[in-house]
Amino acid sequence: MSKTSATTALPTTLGQLRNSEFTPERVSRSVKDELRDNLIVRLREIASGGSRAGEPLFPGIVGYDDTVVPQVVNAILSRHNFILLGLRGQAKSRLLRALTTLLDPQVPYVAGSELRDNPYAPLSKFSRDLIAEKGDDTPIAWMDPQSRYVEKLATPDVTVADLIGDVDPIKAARSGHQLGSELTIHYGLLPRANRGIFAINELPDLAGKIQVALFNIMQEGDVQIKGYPVRLELDVAIVFSANPEDYTARGKIVTPLKDRIGSEIRTHYPESVDEAITITEQEAWTARSYAPSENAITSIEIPHYVRQIVEQIAFVAREEKKVDKRSGVSQRLPISTMELVVSNAERRALIHGESLVVPRVGDIFAALPGITGKIELEYEGEMRGSDNVIRELIRQSVATVFDGYFASTNTQQIEQWFNLGGAVELNDKQPSADVLEALKQIQGLFDKLTPLHVNARSRPEIAVSAAEFLLEGMTAHKRISRSEARTFTAGEKKKRTDDAAAYAEKLRQREQEREDNVHNRTRRGFN
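Parameters at a glance
Residues numbered from 1 in each chain as written. Predicted model: local features only at pLDDT ≥ 70, side-chain atom pairs only at ≥ 80, totals over all residues. Heavy atoms only, no water. Helix = DSSP H or I, 4+ residues; strand = E, 2+ residues; numbered from the N terminus. Buried < 20%, exposed > 50% of the residue type's maximum accessible area, 1.4 Å probe, protein only. Contact = heavy atoms within 4.5 Å. Areas by Shrake-Rupley, 256 points an atom, 1.4 Å probe, with all protein chains shown as cover. Salt bridge = Lys/Arg side-chain N within 4 Å of Asp/Glu carboxyl O. pLDDT = per-residue confidence, 0-100. Arc of directions from axis to C-beta. Pairing = 2+ DSSP bridges. Axes fitted to C-alpha atoms, helices over the stretch in contact; angles between N-to-C directions. Core = buried A, V, L, I, M, F, W, Y, C linked by side-chain atoms within 4.5 Å. Expected span 1.5 Å × (residues − 1). Parallel < 35°, antiparallel > 145°, perpendicular 65-115°, else oblique. Nonpolar A, V, L, I, M, F, W, Y, C, P; charged D, E, K, R; others polar.

A short note on the overall build of the protein chain
(1) Moving on: Check the secondary structure of the protein chain and you find 22 helices and 16 strands.
(2) Moving on: Looking at the 527 residues of the protein chain, the share that counts as buried comes to 47%.
(3) Moving on: Taking the intrachain contacts of the protein chain between residues at least 6 apart in sequence as the baseline, contacts between residues at least 24 apart amount to 74%.
(4) Moving on: Surface summary for the protein chain: the accessible area is close to 26,000 Å², and the carbon and sulfur share equals 48%.

So this is what it looks like as structure tokens:
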């Protein structure tokens, strides 16, 4: 990618521009050629192990290196307009915005031009007249990559005037021009994106006639505004995003427009929990700071198993038949959930004056508000209730992650402690040090935490979190039970056995009483 000198040294007039490194050949490249040339330079740097070899091609995009990114690269090398098709929360908009990293750092245009005209080949009448009047003294302004990216969220109420433009009667009245003059047009978003990237999100939501106007200007470069034919040879790279047509009931892409889109690229959700964790670490607000004080929080430590459970919820939900698969389960679900998990742990630490914040599995249940709005349920799920469905998703996620750590761990000693009447309460009412002392009463509990590299001598916040994970995993596998108040007790099987024994004892007592009564009546008969 070409480099320029400092912004202050950039040419400010057309004459200075002609005598600079910004030659007509360089400035007059189309946007698609510019993207292609800079992409080729970047790929060569990566291949040769240059200074940018370790940098991702598109910063902030995780999990697409072997799937989506190669297809986007092919589309750019082919100079295609392209569309990203995928469910919500698949980083479609972020990927489109990352295209600006392939644009030149600085590009000149005629100052004051609504169409950001190329000084060497002006498109609008305004720029042509200005250059004819001032010549080499024509003022030049500069665009950076961010200002060359224009994005529009498609909605059914978008009009041709919004995208293309409309005649402005006030401008005509003030300037004294006829309404048919090009100088009376107030240009829309697409012409104002000239010499840049124009992105439309949720394309199927655009009305059919707007899509027709769009592909007409894409292909033929002309459009009619209020009945006046206007030819705009725009230089724009147009990209789109949308949910797959089969998955949306709101609208569709008209066939002629779809035919003019060069590449159709499918996005997807993270394919592994590790990729999902990386995305959430990147996006979730968990690095928090505090004003200094005697009992201030000094650090936040999120156990890896908590991160895994949070991500596993989304993976389980995407396969759950009670969840609407057409809507999808956004990656925003674990991001919001993780922020709420940390906040609940933070609240507990603030209440008890603890300096270390360590989230627990119980904090995930407190993060239900971050999950309910991100999942759309099928009829069966609606009948069961969203809270019940989500709690079951969490239970399944805990069980899956638990098996990854404790699949070969013998927990019979812990189960026996509960079967003998033991109970322990794990909630936010007590400080971690007090909860730790209660947990130490469970025989063999901390001996089983070796896979987590935790023992009874670990810091209370860390030890309690690890112990709760073990107990929650045992609960998920129905080895022990837990109440809504987060009190862990004997498993349902033990309870059923005790209830059956009590019922049998009650029946035996009734039978004995009946026999005694019969015996007493018999004795009275002989008297």
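With respect to the pattern of salt bridges
(1) Moving on: All told, the structure shown has 25 salt bridges when counted by the stated rule.
(2) Moving on: A salt bridge links glutamate 320 to lysine 322, with the nearest nitrogen and oxygen atoms 3.3 Å apart. In this structure, glutamate 320 and lysine 322 share a single accessibility class: buried.
(3) Moving on: Aspartate 363 is the salt-bridge partner of arginine 348, the closest N and O atoms lying 2.8 Å from each other. Highlighted residues: arginine 348 in helix H14 (residues 332-352) and aspartate 363 in helix H15 (residues 361-365), separated in sequence by 15 residues. The same class applies to arginine 348 as to aspartate 363, namely buried.
(4) Moving on: Several salt bridges converge on common partners, so that one network encompasses Arg347, Arg348, Asp363 and Asp428.

Some remarks on the confidence of the model for the protein chain
(1) Moving on: This prediction gives the protein chain a mean pLDDT of 87; 85% of its residues lie at or above 70.
(2) Moving on: Summarising per-element confidence for the protein chain, the mean pLDDT is lowest in helix H22 (residues 492-526) (59) and highest in helix H4 (residues 68-77) (97).
(3) Moving on: Throughout residues 1-7 the model reports pLDDT below 50, and contacts reaching past four residues in sequence, or to other chains, amount to 20 contacts.
(4) Moving on: A low-confidence stretch, residues 522-527 (pLDDT under 50), is modelled with zero contacts involving residues beyond four sequence positions or located in other chains.

Focus: helix H6 (residues 125-134)
(1) Moving on: Restricting attention to buried positions, one finds in H6 the residues Ser127, Leu130 and Ile131. The arc that holds every buried residue of H6, seen down its axis, measures 95 degrees, which confines them to one face. Projecting away from the buried face of H6 at angles above 90 degrees are the exposed residues Ala132 and Glu133.
(2) Moving on: Contacts from the buried residues of H6 go to helix H1 (14-18) and strand S2 (107-110).
(3) Moving on: Phi turns positive, to about 60 degrees, at glycine 135, one or two residues after H6.

Some points on the sheet that holds strand S7 (residues 196-201)
(1) Moving on: Spatially, the five strands line up as an open sheet ordered S4-S7-S10-S1-S11, and their pairing is parallel. Among the strands making up the open sheet, the edge pair consists of strand S4 (149-153) and strand S11 (263-266). Strand-to-strand, the axes of this sheet are offset by a mean angle of 20 degrees, without reference to chain direction.
(2) Moving on: Where S4 lies against S7, five bridges are found, and the strand directions are parallel. The residue bridging leucine 153 from the neighbouring strand is asparagine 201, located in S7.
(3) Moving on: Those strands touched by helix H3 (residues 31-48) are S7 and strand S10 (236-242), and its axis lies near 80 degrees from that of S10.
(4) Moving on: Together, strand S1 (82-85) and S11 form the strand contacts of H4, whose direction differs from that of S11 by roughly 170 degrees.

Section: the pairing of strand S3 (residues 140-143)
(1) Moving on: Going residue by residue along S3, you find Ile140 and Trp142 tucked away on one face and Ala141 and Met143 tucked away on the opposite face as well.
(2) Moving on: One ladder, built from four bridges, connects S2 with S3; its direction is antiparallel. Residue pairing for S3: valine 110 is matched across the bridge by isoleucine 140.

Comments concerning unusual backbone geometry
(1) Moving on: The phi dihedral of alanine 91 falls on the positive side, at around 60 degrees, and the residue is not glycine.
(2) Moving on: Position of alanine 91 among the secondary structure elements: in the loop between S1 and helix H5 (92-97).
(3) Moving on: By relative accessible area, which is 34% here, alanine 91 ends up partly exposed.
(4) Moving on: Backbone geometry places histidine 453, a non-glycine residue, at a positive phi of 60 degrees.

As for the nonpolar core
(1) Moving on: In this structure, Phe418, Leu439 and Leu471 are the most contacted members of the largest nonpolar core, which totals 63 residues.
(2) Moving on: Where this core is concerned, the elements lending two or more residues are helix H13 (304-319), H14, H15, helix H18 (386-406), helix H19 (412-419), helix H20 (432-439), helix H21 (460-476) and strand S16 (487-490).
(3) Moving on: In terms of residue count, the dominant contributor to this core is H21 (10 residues).
(4) Moving on: When sequence neighbours within four positions are dropped, the list of residues in contact with leucine 439 reads Val424, Leu426, Leu445, Phe446, Val464, Ala467 and Leu471.
(5) Moving on: Phe198, Leu203, Leu214 and Ile217 belong to the second-largest nonpolar core, a separate cluster that totals 31 residues.

Considering H3
(1) Moving on: Helix length check: H3 (18 residues) gives 26 Å between terminal C-alpha atoms against 26 Å at 1.5 Å per residue, within 8%.
(2) Moving on: Those residues of H3 that sit buried are Val31, Lys32, Glu34, Leu35, Asn38, Leu39 and Arg42. For H3, the angular spread of the buried residues around the axis is 155 degrees, confining them to a single face. Residues Arg44, Ala47 and Ser48 are exposed on H3 and point more than 90 degrees away from its buried face.
(3) Moving on: Downstream of H3 by a residue or two, glycine 49 has a phi angle that is positive, lying close to 70 degrees.

Brief notes about the packing of H19 against H21
(1) Moving on: Contact pair H19 / H21: the axes reach a minimum separation of 12 Å and the direction vectors enclose 80 degrees. Put simply, H19 runs roughly perpendicular to H21. Contacts from Ile414, Glu415 and Phe418 in H19 reach Leu470, Leu471 and Met474 in H21.
(2) Moving on: Across the contact of H19 with H21, the residue classes tally to five nonpolar, no polar and one charged.

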